[in-house]
Amino acid sequence: MGKKMKKEVETPAKDVFDPLTIESKKTGTVVLMLKSNEDEVLMKACEAIYRFADKCDDNKSILLELGVMEQLIKLINHEEKTVKRYACMAFGVMAGHPDVRRYLRKTDSITAAIQLLGDEDDVCNEFSSLFLSHMSTDFSSKLSIGKADGLEPLINLLASPDPDVQKNSVQAICNLVQDFQSRSAVRELGGIPLLLELLKSEYSVIQELALNTLCAVTQDGESRMVLREHEGLEQLVNFLGNKEYDDLHVHCLGVLSNCLEDTDSLDEVRSTGGLEKLLGFATEPGASPQVQAHTAHAIARASKNVENGKILHEQEVEKTLIAMSGSENDTVRIAACHAIATFADNLAAKDTFGKSEGIPLLIHLLTAENPLVREAATLALANLTLNNTNNCNEIVISTGVEQLLSSLQNSKEGIVVNAAACLINMSQDVVIRTDIFKKGIIASLTEPLKSSSPRVQSKIAQTVAAYVIGADSRAEMRAHGGLEPLIQLLLSNDNEVRRNASWAVLACSADPPTAAAIAKLGGLEILQQINDSEQRCSNYSIAAFEKLLDSNLPAKYSLTGRLAFHNIVSDGFYDSGQLRPNSKFYSLEELSKQEINQRRPILLVNCKVSDPDAEADNSGNEAEIDQTDLESLTEPRTETPTTPLRVKSPVPHFKDEILSSVKSSQEESSEKGSRVGSKHSYSRRKKKDKEAQMREEAERLRAEREDAIYRPPVDYALQGYFDDVTKYIQPMSTMKEQIVALAQYVVEKMGGEIEHGKLMDFSWELHIAELKCDCKSNILPIGKIQKGVHYHRALLYKVLADKIGVPCSLVRGQYNRAWNEVMVAPTQEKGAPSYPPTKYIVDLIHECGTLIKMDSPEAVQYQSI
């Protein structure tokens, strides 16, 4: 046998590294491997990083901290396809973390990813589009994608056969079109037909994303036109009729809602029967509440267009909305009510809702538990009653007024505002307004006036202006305390609130009692401050101030120093002098509480007995207290017609002494009767004592109540003046004769003529002081003054002239000056041309009855000191 020979082992080259298999369990080690030059190492490292990052977001944060993104950005364009593929996979997955996206925004990663779109490898397309879908959620990244022209390759990928590529691409486009800049670009790049094609996809997520993208894109009018050209409307209606896509019908209705805003789109849908199908889908049994609600929204949006409203009315959409408003689902009812409110702009539809069961159904919704339903129902009623008397009558017939008044007390401002708007609309009809007033609307407005919401304040003030028309309504405003919160609204910083509050004050100031109450609450001062400001002033505040003064002539004369020809002075007028700047105007009752002082007196005009019934009651009470006129001994009537400024309460201790003496005498007589043993007399005595105590308590309460009531003194002398001028001066044939005769009469009653330069010798101050002491008050009836100067005589002349119908004004000057201006037509012969009347000043001081032409030197001298 031969000898065996050993096989010689090849010696490895000295410059070659022996193969090494490494199993690493450290993330940092794998990240370091991304810097390798070996393709196989890079491939395995990228694959491992992809798998690790895809597990959870925490892993993505760890990789970000290890600096993996810097290496991945370099590897996504690697020459080796396998390395490139796994690098793209890891790159796309990592972008799902917000911290990673924040880092990537500082790099050029978006441009690199866009370059990968359209790659021959579908995996690269899938994950690069995934990367862009993640990045497009940030606004700054959207701008970067737009600048890098990334929208066009994304649209091209919509036609990819790979559903993952389609899903990621349409997701990125959907994010981009949420900003209007990209919507027109989708249309221009031909994206709408591709999006419509995606509706046929087998995957619902792709269909949903396509519908959401179309919903954003079709907000542009030109895009809607392109969609019509590609028969998109018919495709959408058919999609809506497919029961397999029930969960996507809401998204489809969003697209249709946009399209139906165009009359052409709505007309096309109607002509193809699509509108009838749409309404049928919404009202068929078992329809989804979300579908019904979105259908109502689509109708509401479409009805905003006038021409669309006509088409919808012809299609009898009102029946569909009424049926929806009767749904048991609150979302559907709210949407239906909003659609009715919008559709009510169409006059024909408004009448249809009124003639059908729409209004009673809406009134029923006012009692719903959900406040959003009540708010929507009140909005619909407010729009249906606007300029429509028939619908207003329908609300009254359906007993809806009570529900609306109750809604005014709701805490939700939307309900209050809408209910108030509906009531304002109903106030345009006199009969309906009267009926609502009788049901207590004034009382219902008091509480909402105190609301802190500017919307509620403004609308309720407007409602007050609409319903405070007659004297009864203004009396209720005073009785229910509505004036005080209304005056406070004048101080609002909201222009609309202040304007409507001024409007309401204007309506309330039509009669003297309410005007006086407003003035007492400081309304005059507030309005004056508003009108002094250029920013806060308005036509309403000016009109309210002027109306308030016209209804409160004492305040007008005190503030402005002038009463015009049309300002008729009547009982209750008083002249408290010129009001100083930033001073409060006091009522007569407040002035009556002041002690007698050295200031000029308050001149009162009053021939009316303030409360005759109360006086009759007083005399009756006095007779009841004791049949022996005991009360006349304890409380003698010392008042005179000119002095009773206030009904004083009797002196308590003096009255108690008299009554106690009577009581003791009764007890003595009863004691004697008891000695005889008469039980009947004892019970009669006890009964009599109890009645006396009750009468005494009633008298005390009456006296306390009357003590707080001011009764202005009756000026019987002035009543005599009225009788004289009515009997002797009023029958005169010409106005000029009446003017002169009245001047002579006033001068005679006020102490006669005063020579020039002799005014200081007239001693009228002493006479006034004596009267103030006699009356024990600063308030003097004008008829009591027998020595008066300019301002006394001018006031008396104005009072008497207004009584007999002689037009004249009353103007206050300085230093106790005042005068009357009259209009006298010039004497003309028959056939001569007529001339306008001339204004004169009536001389009541020196040459009584002389008419001094205005602006003449004599007039200037008369007006000056």
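What you see is a predicted model, and the numbers here were worked out from it, not measured in a lab.

Each value, and the rule that gives it
Residues numbered from 1 in each chain as written. Predicted model: local features only at pLDDT ≥ 70, side-chain atom pairs only at ≥ 80, totals over all residues. Heavy atoms only, no water. Patch = residues over 30% accessible without salt bridge, like charges linked within 9 Å, V, L, I, M, F, W, Y side chains within 5 Å. Areas by Shrake-Rupley, 256 points an atom, 1.4 Å probe, with all protein chains shown as cover. Salt bridge = Lys/Arg side-chain N within 4 Å of Asp/Glu carboxyl O. Lys, Arg positive; Asp, Glu negative; His and termini not counted. Charge placed at Lys NZ, Arg CZ, Asp CG, Glu CD. Helix = DSSP H or I, 4+ residues; strand = E, 2+ residues; numbered from the N terminus. Buried < 20%, exposed > 50% of the residue type's maximum accessible area, 1.4 Å probe, protein only. Phe/Tyr/Trp six-rings, centres within 6.5 Å; stacked < 30°, edge-to-face > 60°. Lys NZ or Arg CZ within 6 Å of the ring centre and 35° of its normal. Pairing = 2+ DSSP bridges. Contact = heavy atoms within 4.5 Å. Axes fitted to C-alpha atoms, helices over the stretch in contact; angles between N-to-C directions. Expected span 1.5 Å × (residues − 1). Polar contact = N/O pair within 3.5 Å; in protein donor to acceptor, adjacent residues only side chain to side chain.

Help me understand a negative patch on the surface in this model?
Residues Glu38, Asp39, Glu79 and Glu80 make up a contiguous surface patch of negative charge. Tracing the backbone shows Asp39 in helix α2 (residues 39-53). Judged by its relative accessible area of 35%, Asp39 falls in the partly exposed class.

So what exactly am I meant to see when it comes to the packing of aromatic side chains here?
The full count for this structure, using the stated rule, is nine aromatic pairs. Aromatic pair Phe239 and Tyr245: ring centres 4.4 Å apart, planes at 20°, arrangement stacked. We classify Phe239 as buried; its relative accessible area is 5%. Geometrically, the ring pair formed by Tyr557 and Phe573 is tilted, given 6.4 Å between the ring centres and 40° between the ring planes. Within this pair, whereas Tyr557 is found in helix α39 (residues 553-560), its partner Phe573 is found in strand β2 (residues 573-575), the two being separated by 16 residues in sequence. Each member of the pair, Tyr557 as well as Phe573, carries the same accessibility label: buried. If you follow Lys787 out to its NZ or CZ, it ends over the ring of Phe762, 6.0 Å from the centre. Over the face of the ring belonging to Tyr557 we find Arg812, whose NZ or CZ atom lies 4.0 Å from the ring centre.

Explain the sheet that holds strand β7 (residues 838-842) to me, please; I cannot follow it from the model alone.
In sheet architecture, strand pairing relies on hydrogen bonds along the backbone and comes in two forms, parallel and antiparallel. With respect to topology, five strands assemble into an open sheet ordered β1-β5-β6-β7-β8, the strand pairing being antiparallel. Edge positions in the open sheet fall to β1 (562-563) and β8 (851-853), since each of these has one partner strand only. In the packing of helix α46 (residues 735-749) onto the sheet, the strands contacted are β6 (818-824), β7 and β8, and the crossing angle to β6 comes to about 160°.

Could you clarify how one ought to interpret the pairing of strand β5 (residues 808-812) in this entry?
Side-chain positions along a regular strand alternate between the two faces of the sheet. Most of β5 sits out of view: five of its five residues are buried. Of the two faces of β5, the one carrying Cys808, Leu810 and Arg812 and the one carrying Ser809 and Val811 are both buried. In this structure, β1 lies alongside β5, joined through two bridges in antiparallel fashion. Among the inter-strand pairings, Leu563 is bridged to a residue of β5, identified as Leu810. Bridge count between β5 and β6: five bridges; the pairing is antiparallel. Directly across from Cys808, in β6, lies its bridge partner Val822. Taken together, β5 and the strand that follows it, β6, pair antiparallel across an intervening segment of five residues, in which Tyr815 is found at a positive phi of about 55°.

What is the right way to look at the sheet that holds strand β3 (residues 602-605) in this model?
Ordered in space as β2-β3-β4, the three strands form an open sheet in which the pairing is mixed. Each of the sheet's edge strands pairs with one partner strand only, and the pair in question is β2 and β4 (779-781). Between one strand axis and the next, the sheet turns by 30° as a mean value, whatever way the strands run. Summarising the sheet, β2 and β3 pair through three bridges and their orientation is antiparallel. Note on β3: the bridge partner recorded for Tyr574 is Leu604. Contacts from helix α48 (residues 790-804) reach β2 and β3, with the element oriented near 15° to β3.

Just to check I follow, could you spell out helix α26 (residues 371-384) for this structure?
Along an α-helix, residues three or four apart share an orientation, since each turn contains 3.6 residues. Taking 1.5 Å of rise per residue, 14 residues should cover 20 Å, and α26 covers 20 Å from first to last C-alpha, within 8% of that figure. Of the positions making up α26, those classed as buried are Val373, Arg374, Ala376, Ala377, Thr378, Ala380, Leu381, Ala382 and Leu384. Summarising the contacts, the buried residues of α26 are in contact with α23 (330-343), α24 (347-355), α25 (358-365), α27 (389-397), α28 (400-407) and α29 (413-426). Near the N-terminus of α26, the side chain that reaches the backbone nitrogen of Leu372, with its oxygen 2.9 Å away, is that of Asn370.

Even after reading the chapter, I still don't get the side chain of Ser223, so can you show me in this structure?
With respect to the helices, strands and loops of the structure, Ser223 is situated in helix α15 (residues 221-229). Within polar-contact distance, the side chain of Ser223 engages the backbone oxygen of Val217 at 3.5 Å. Every residue in contact with Ser223, bar those within four places of it in the chain, is listed here: Arg183, Arg187, Ile192, Val217 and Thr218.

Looking at this structure, I do not really get the pattern of salt bridges. What am I missing?
When their charged atoms lie close together, side chains carrying opposite charge are able to pair. What the rule picks out here adds up to 36 salt bridges. For Asp262, the salt bridge identified is with Arg224, shortest N-O distance 2.7 Å. Remark: Arg224 occurs in helix α15 and Asp262 occurs in the loop between α17 (249-259) and α18 (263-271); sequence separation between them is 38 residues. Using a relative accessible area of 19% as the deciding quantity, one classes Asp262 as buried. Relative accessible area serves as the criterion here: at 9%, Arg224 is assigned to the buried category. A salt bridge links Arg228 to Asp262; the shortest N-O distance between them is 3.6 Å. Here the residue Arg228 occupies a position in helix α15, and Asp262 occupies one in the loop between α17 and α18, the gap between them amounting to 34 residues.

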